[in-house]
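Working through the structure, step by step
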Amino acid sequence: MWLNPDEVLLKNVLKLWVTERSNDFFLLQRRRGHGESNSRITGLLVGALDNVLDSTARVTPFRILLQVPGSQVSWIIASGAAIEEVNKHWDWLLHNLLHSLSVFENKEDVASFVKGKVKGLIAEEVQGRQAAQEDDPGKFREALRKFEVHFGLPSSEKLVTYYSCCCWKGRVPRQGFLYLSINHMAFYSFLLGKEVKFVIPWAEVTRLERVSTALMPEAIRVTTRQRQREFSMFLNLDEAFGVIGQLADIALRRLLDSKGLELDRVLQQPARITKRILEEQAIREYVLALFRLPRSENLYEVASCSVWTPHARCHTAGTLYTTDSYLCFSSREEGNLILLIPLSEVLSIEKADSTSALPNPVIVSIRTKKAFQLIELNDRDELVENMNSRLRALSPTPYYTFYYDTGYSDEEEIEEHVLRNTVNSEALMTAFHQNQPGTNGNKSTNQVKERLWEDHFSEFGRGVHMFRTEKIQKLVAMGIPESLRGELWMIFSDASSDLGSHEGYYASLVQKSMGHNNLATEEIERDLHRSLPDHPAFQNPTGIAALRRVLTAYAHRNPKIGYCQSMNILASVLLLYAKEEDAFWLLVAVCERMLPDYFNRRVIGAQVDQSVFEELIRERLPELAEQIPDLSTLSSVSLSWFLTLFLSVLPFHSAVCVVDCFFFHGIKAIFQLGLAVLEANAAELSSSTDDGQALMILTGFLDQVGNVECPGFPSSSPAAEETSCSVAKRHTNITDLINDSYIKFGDLTVRQIEQLRCRHRIQVLQAHEDTTKENALRLVSPDVSIPAENLADIYDLFKVIFLPSWHYCDSNRSFIERQYRLDRPQFKSLYGLLVPWPDVSNQHTDTLANRTFTLLDQDCDNLVTFRDFASWLDTLYFGELNEKIRLLYCLHIPPALTETEDDPSVMKSPLLSTNRPLYVNLPPRQLTDYQDQLKQMLQDLATEKEKDVENQDKNMYSSEFIQFCKTLYSMFHPEENELFQAIATVTSLVLQIGEVGHRGKIAGSEANSQEGSTAAGGVDARRGSRSSVTADNEWTVSYAQILASLLTEQALVNFFEKPLDLSAKITQAKESQYQQRAGLLTLQRASS
């Protein structure tokens, strides 16, 4: 175990220790006499000394010392009772530390660095032993305290876990702690008197990688849009890498893909996320993918056990997983044996008598009069009790659907019965089989396959709960016989369980979806005749009608997916080999379980798998990847392979064999086959000169992948023949290609795929965010003069200000609804960073920020859009003089000007005047009511008075002009005397203009006031003394008068026409953000 470094004298006169291994910095020593068969007396003497001199009674026989060259002092850093334990620590030191120590020039720094690292490892071991997140032990509380002190993030920012590690800056490592929270990863180091700390929001992480260099044998590289960070020397790098990937994935799915975690409710509540929950979630994702279970299944128990396998006449060791509706078993080596038992098929779960040969046995009996025996179950009693409680609670319930009204009356039952007769009760291939060429030659082959499958059923069982072994994999690779294809697809996908427990559900959906017209049904109608148009089943109204019913029913069941292209091709093939209702449930299984997130508008799932496929190419086909550095071409070509399961690129009978493998292996089969196709064409692809040639190579190869059992079936479509005319014909048997993929790439596991998906989903979501940014900039850029690079930087600042509030807010608005909009505190933060004039008066700057927000909030939803913000900034930095003056002018009259500027969201005494329009800053719904109440009063005003209001609605009162002048003064530095004098001159001129105009209107104003006194009395009571002064004593000036006065002073003209450096301001704003809170978040606290 690791020890707190303790000094010892290197020169040991008693010679109590023998050095077994050594290098420049470390010694591995054995206690003299231990393990020496010929030194019993020496061992006894040393043991006696240990008892006498050491208060701990016995010294561990092995230890590791840290030594500094030239020093007589060493430090014990690890010890152990067994050589295996100490060797493990020794190997870790050699692998992770030794190479890094050579960069230190001062050898004393080596000691400080290693001691700090060892202390970090000790803290990490303690945390792991105590399950820190669940019980909040002292070590975790101490880490939490340091996390809060060092980084000052909001109190709602939950720390999930922490790791001791090194962060590299060039060739120099910095030992410290990496803190992982729900929204950020943060690093802190204090070494040799120098403090290093930084915060990386998960929302900014674009890539996670494991890298290896000479200095960093194993490290984690975190890439953001700004830079890369490398972390190494983890005690458990695999665990740290997995947790980092999970947290980044969860945060991005929550922020950028808010619908992605709809069923993972625990992850929708960030405050509940702990390290233990992350571990459970990782196992759950793996189990759902391995057994292709519904996404709504919850994982309960994970237990090691062995199951009796009659075909092997032995017990097979593995792991039992229990969920809401299933018992799942997988052998230790993934793929050797898989067993899936739906609880709906279970009759009883009972304990049997335990013996030495059968410890802790459990018998699971199912309805087909079969039983499964599980042994070596720890905590058997509790496990059986829990499973039985779920079994008792299991009852037929309406299947989860997005359409909630599933009941119907007696009349509807009769109508449903009539409708049920229109649903095909047999697969389309049965009706149209005789019309297919080459079918006579297939009969003997199919009969052989059927006998092989019947033999397999008698040995391994039939149904969902059959034993799935490598033997069945070989049968699937040969191609499932047509007579069994529909049945086995239902078994492998477990769609049969859905069908059996929801009788009449499909017919009900068909009835309810009939006659509905929407976007999905229009797209379905457009694609009906494009689905396998060469197959006779879909040249017939019967097949077209069945396809329409399946696609329309599914769109009605799940409107979030509705209908997407390629669903029609998949549904057509399903209808050929399965009954219509079976085909519907197969489509449900594929869209919602086997290919999650594939069939939606953004096809996130398919893009994630394309990114995974690229990494697998680099890993499994390195020579091809070296010849084609940019794999995006191959990725774009292979997209249709994944979306249509090769149905759109292979000859029909060959593609159906791929679908067989997909239902048995899941997406793993498509990855393996894709790699096999690329490997078969690696030489030609490496020599291709452009993307078009690579596409022709792959298209020509796939077109010639045939099925020797179907010689009469055309091997290629006319379109494929045209594209591959210049490519040499190479006939390949699909069975050989599938077997080749199993042999060469069969070691690819579901666990590996799920881990890769987690990491690559980060890249895909960030790529979508980049696309969103590009679209936002493209919409805004035509309306502004801001350079493109500056506009992109402003967008990034806008986003950084927005994200912190989304992390911690309790708003009911979704992320999409709030995207690219800032509330008032956020706007004020960004306003202070980018406003071009100096911040002479904080109070006045805050006032102007409030007014600007009110002016830009045209929708009265208390949010400012990125477009409005960019337009305002464009006026300040690139607008003409008159545009800048008009903006300043508008900031000093309603609606930007409110009576209670300290709290602009609520007006205690709304400004209401009979000689200018009504401006009330109330929520939209209250504003309408308030205006309705005063509507009658306003209609009573004289027509002449309304004309005066219209003429004066943009005029500025004297009190408002004083505020305007105050703003102008605040825009200059105190030493700019010429500008202050110019403002004084303009102010005097405007005052004279206002006074002259005011004296000319006094008489008319008095007469109008007398005529309207009765009507205005109620108004005065509402508007208070301000409105009385405004009506009687204040003069007004117009925008044109103020602009003309300002133009008389060349100093002011030069000031407003002087070019402003927006780039420098943006750079300063970024630096300000970074310094205020390690690159993040302090702005929100400062503005709130």
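These remarks concern the structure in this document.

Calculation rules
- Residues numbered from 1 in each chain as written.
- Predicted model: local features only at pLDDT ≥ 70, side-chain atom pairs only at ≥ 80, totals over all residues.
- Heavy atoms only, no water.
- Buried < 20%, exposed > 50% of the residue type's maximum accessible area, 1.4 Å probe, protein only.
- Helix = DSSP H or I, 4+ residues; strand = E, 2+ residues; numbered from the N terminus.
- Pairing = 2+ DSSP bridges.
- Contact = heavy atoms within 4.5 Å.
- Expected span 1.5 Å × (residues − 1).
- Axes fitted to C-alpha atoms, helices over the stretch in contact; angles between N-to-C directions.
- Parallel < 35°, antiparallel > 145°, perpendicular 65-115°, else oblique.
- Left-handed = near helix turned anticlockwise from the far one by under 90°.
- Nonpolar A, V, L, I, M, F, W, Y, C, P; charged D, E, K, R; others polar.
- Arc of directions from axis to C-beta.
- Patch = residues over 30% accessible without salt bridge, like charges linked within 9 Å, V, L, I, M, F, W, Y side chains within 5 Å.
- Areas by Shrake-Rupley, 256 points an atom, 1.4 Å probe, with all protein chains shown as cover.
- Salt bridge = Lys/Arg side-chain N within 4 Å of Asp/Glu carboxyl O.
- Phe/Tyr/Trp six-rings, centres within 6.5 Å; stacked < 30°, edge-to-face > 60°.
- Lys NZ or Arg CZ within 6 Å of the ring centre and 35° of its normal.

1. A few points about the pairing of strand S7 (residues 172-181)
For S7, the tally of buried residues reaches 8 of 10 residues, placing the bulk of the element in the interior. Alignment of strand S6 (residues 159-169) against S7, held across 10 bridges, turns out to be antiparallel. For Cys166, the partnering residue across the bridge sits in S7 and is Gln175. Between S6 and S7, which pair antiparallel one after the other, the connecting turn spans 2 residues, and Gly170 there sits at a positive phi close to 70°. Between S7 and the antiparallel strand that follows it, strand S8 (residues 184-191), lie 2 residues.

2. A look at the environment of Tyr969
Relative to the assigned elements, Tyr969 resides in helix H39 (residues 958-970). Between the C-alpha atoms of Tyr969 and Phe980, which are 11 residues apart in sequence, the distance is 6.9 Å. The contacts of Tyr969, once residues within four sequence positions are left out, are Phe980, Ile983 and Ala984.

3. Considering helix H24 (residues 652-665)
Between its first and last C-alpha, H24 extends 20 Å over 14 residues, near the 20 Å set by a 1.5 Å rise per residue. Of all 14 residues in H24, 14 are buried, a share of seventy percent or more. Trailing H24 by a residue or two, Gly666 shows a phi angle of about 80°, which is positive.

4. Quick look at the sheet that holds strand S17 (residues 346-351)
Reading across the sheet, the 8 strands line up as S17-S18-S19-S13-S14-S15-S16-S20 and stay open at both edges, with antiparallel pairing between neighbours. Here the strands that pair on one side only, and so sit at the sheet edges, are S17 and strand S20 (468-469). Inspection of the sheet shows strand S14 (residues 314-323) paired to strand S15 (residues 326-331) by 5 bridges, in the antiparallel sense. Bridge pairing links Thr319 to Ser330 in S15.

5. Section: the packing of helix H8 (residues 275-291) against helix H30 (residues 750-780)
The packing of two helices is summarised by the inter-axis angle and the distance between the axes. Running from amino to carboxyl end, H8 crosses H30 at an angle of 125°, the nearest separation of the two axes being 9 Å. On the basis of the axis angle, H8 is oblique to H30. At the point where H8 passes H30, the crossing takes the right-handed sense. Between H8 and H30, the residues in contact are Glu285, Tyr286, Ala289 and Leu290 and Val750, Arg751 and Glu754, respectively. When the residues that make up the contact of H8 with H30 are grouped by side-chain class, the tally is 4 nonpolar, no polar and 3 charged.

6. Some thoughts on unusual backbone geometry
Cis geometry is adopted by the peptide bond preceding Pro895, which originates at Pro894 and carries an omega value of 10°. For Asp379, which is not glycine, the phi torsion reads 50° and is therefore positive. Within the secondary structure, Asp379 sits in the loop between strand S19 (371-375) and helix H9 (380-393). One non-glycine residue with positive phi stands out, namely Phe646, at about 70°. Counting through the fold element by element, Phe646 comes out in the loop between helix H23 (632-644) and H24. Looking at Phe646, the relative accessible area reads 0%, which means it is buried.

7. A short note on H9
A rise of 1.5 Å per residue sets the reference length of H9, with its 14 residues, at 20 Å; its end C-alpha atoms lie 20 Å apart and thus fit the reference within 8%. Those residues of H9 not exposed but buried are Arg380, Leu383, Val384, Met387, Asn388, Arg390 and Leu391. Considered in projection along H9, the buried side chains sweep an arc of 160° and stay on one side of the axis. Residues Glu382, Glu385, Arg392 and Ala393 are exposed on H9 and point more than 90 degrees away from its buried face.

8. Re the packing of helix H13 (residues 470-478) against helix H29 (residues 734-745)
Running from N to C, H13 and H29 cross one another at 145°; their axes reach a closest spacing of 8 Å. Across the interface between the two elements, Gln473, Ala477 and Met478 of H13 pack against Thr735, Ile738, Asn739 and Tyr742 of H29.

9. A few points about the sheet that holds strand S9 (residues 194-201)
Ordered in space as S9-S8-S7-S6-S12-S11-S10, the 7 strands form an open sheet in which the pairing is antiparallel. The open sheet is flanked by S9 and strand S10 (205-211), the only strands paired with a single partner. Neighbour-to-neighbour, the strand axes of the sheet open up by a mean angle of 30°, direction not taken into account. Along the sheet face, helix H6 (residues 138-151) touches S6, S7, S8 and S9 and points at about 60° away from the line of S6.

10. What to know about a nonpolar patch on the surface
There is a patch of nonpolar side chains on the surface, built from Val448, Leu452 and Met478 and spanning about 210 Å² of accessible area. With respect to the helices, strands and loops of the structure, Leu452 is situated in helix H12 (residues 439-460).

11. Quick notes on the packing of aromatic side chains
Evaluated as defined, the whole model comprises 43 aromatic pairs. With 5.0 Å between their ring centres and 40° between their planes, Tyr506 and Phe584 make a pair best called tilted. Here Tyr506 is found in helix H16 (residues 505-513), whereas its partner Phe584 is found in helix H20 (residues 580-594), with 78 residues between them in sequence. With a relative accessible area of 1%, Tyr506 lands in the buried category. Note on Phe642 and Phe671: the rings are 5.1 Å apart at their centroids and 65° apart in plane angle, and the pair reads as edge-to-face. You can see Phe642 sitting in helix H23 and its partner Phe671 sitting in helix H25 (residues 667-680), a full 29 residues away along the chain. Phe671 shares its class with Phe642; the two are buried. Here the aromatic cluster, defined as three or more aromatic residues joined through ring pairs, consists of Tyr795, Phe798, Phe827, Tyr831, Phe853, Phe866, Phe869 and Trp872. The residue whose ring lies beneath Arg63 is Trp17, and the NZ or CZ to ring-centre distance is 4.0 Å. Lying over the aromatic face of Phe198, Arg229 brings its terminal NZ or CZ to 3.7 Å of the ring centre.

12. What about the side chain of Thr987?
Locating Thr987 in the fold gives a position in helix H40 (residues 977-1000). Overall, Thr987 belongs to the buried group, its relative accessible area being 16%. Apart from the residues lying within four places of it in its own chain, the contact partners of Thr987 are Phe961 and Cys965.

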